Amino acid sequence: MALFDKLNTIAKNVGEKTGDAIEITKLNAKISGEKSSITELYKQLGEKIYEKYAEGAFQDGDLAELFLAVDAHKANIANAEGRIEAIKAENEARARTAREAEAAPAATAGAVCPSCGAAVAEGVKFCNQCGTKIDASAPVVEAKKFCTSCGAEAVSGVKFCSQCGSKIE
């Protein structure tokens, strides 16, 4: 059953990464389109400036509309680039949380080491963290579980994360 859970997690991660890659591709296409629009506006600006120069009547008020349009396109580019960075940061945080969750001790129940407080599996005679002998009558503790999607600590017995709604494994 653990194999199927692991495959399910891998499939979910691949799906999320594919969705993010598609969105990043769309945003990069939007950036390219905005840059093309700016290039066209620069061309129009140059033509108008030259016409005014040729007529000897160069006035900044005539170009205000084009300058505002260029500013709007630049703001759209900055917005799309900011969204790309946010997606990348979110993906990195999600991956870091998943790596940390995988690196956490795998013991689900057992005793607590009286020396270092580490959770040790049931039936273990020595702590795998500090080597202290474990008394068989030591209190049983349940290891903490964390959501593999967002990293939030999962409440014991729940099936779905209260922070992101992902299934707790």
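Residues numbered from 1 in each chain as written. Predicted model: local features only at pLDDT ≥ 70, side-chain atom pairs only at ≥ 80, totals over all residues. Heavy atoms only, no water.

### A short note on the environment of R83
Mapped onto the elements of the fold, R83 is located in helix α2 (residues 64-103). C-alpha separation for the pair R83 and L27, spaced 56 residues apart in sequence, amounts to 8.2 Å. Look past the residues within four positions of R83 in its chain and what remains in contact with it is E23 and L27. (Helix = DSSP H or I, 4+ residues; strand = E, 2+ residues; numbered from the N terminus. Contact = heavy atoms within 4.5 Å.)

### Observations concerning the layout of surface pockets
The calculated volume of the second largest pocket comes to roughly 220 Å³. In terms of lining, the second largest pocket is formed by 10 residues, of which the most central are N13, K17, N91, R94 and A95. Mapped onto the lining of the second largest pocket, the elements with two or more residues apiece are α1 (2-55) and α2. (1 Å grid on protein atoms, 1.4 Å probe; cavity = no way out; pocket = protein on both sides within 12 Å on 5 of 7 lines; lining within 4 Å. Points joined across faces, edges and corners; volume = space filled by probe spheres on them.)

### Considering a nonpolar patch on the surface
Together, L3, F4, L7, I10 and V14 line one region of the surface with nonpolar side chains, adding up to about 510 Å² of accessible area. Assessed through its relative accessible area of 43%, I10 is described here as partly exposed. (Patch = residues over 30% accessible without salt bridge, like charges linked within 9 Å, V, L, I, M, F, W, Y side chains within 5 Å. Areas by Shrake-Rupley, 256 points an atom, 1.4 Å probe, with all protein chains shown as cover. Salt bridge = Lys/Arg side-chain N within 4 Å of Asp/Glu carboxyl O. Buried < 20%, exposed > 50% of the residue type's maximum accessible area, 1.4 Å probe, protein only.)

### Examining the environment of I38
In this fold, I38 is placed in helix α1. Residue I38 is classed as buried on the basis of its relative accessible area of 7%. A C-alpha to C-alpha distance of 5.8 Å links I38 and V70, two positions 32 residues apart in sequence. With residues up to four places along the chain from it excluded, the contact list for I38 reads V70, H73, K74 and I77.

### Let's talk about the side chain of T97
Mapped onto the elements of the fold, T97 is located in helix α2. If near-sequence neighbours (up to four positions away) are discounted, T97 is found in contact with C147, C150 and G151.

### Observations regarding the nonpolar core
Counting 13 residues, the largest nonpolar core has L27, I31, L45 and V70 as the members making the most contacts within it. Residue assignment for this core shows that the elements contributing at least two residues are α1 and α2. Not counting chain neighbours up to four residues away, the residues in contact with L45 comprise L63, L66, F67 and V70. By size, the runner-up hydrophobic cluster in this structure holds six residues, among which are A111, C113, V120 and C127. (Core = buried A, V, L, I, M, F, W, Y, C linked by side-chain atoms within 4.5 Å.)

### Considering the pattern of salt bridges
Counted according to the given criterion, the structure contains six salt bridges. Residue K30 is joined to E34 by a salt bridge in which the shortest nitrogen-to-oxygen separation is 3.9 Å. Of this pair, K30 and E34 are both found in helix α1, four residues apart, which corresponds to roughly one turn of the helix. Where salt bridges share partners, they join E16, D20, E90 and R94 into one cluster.

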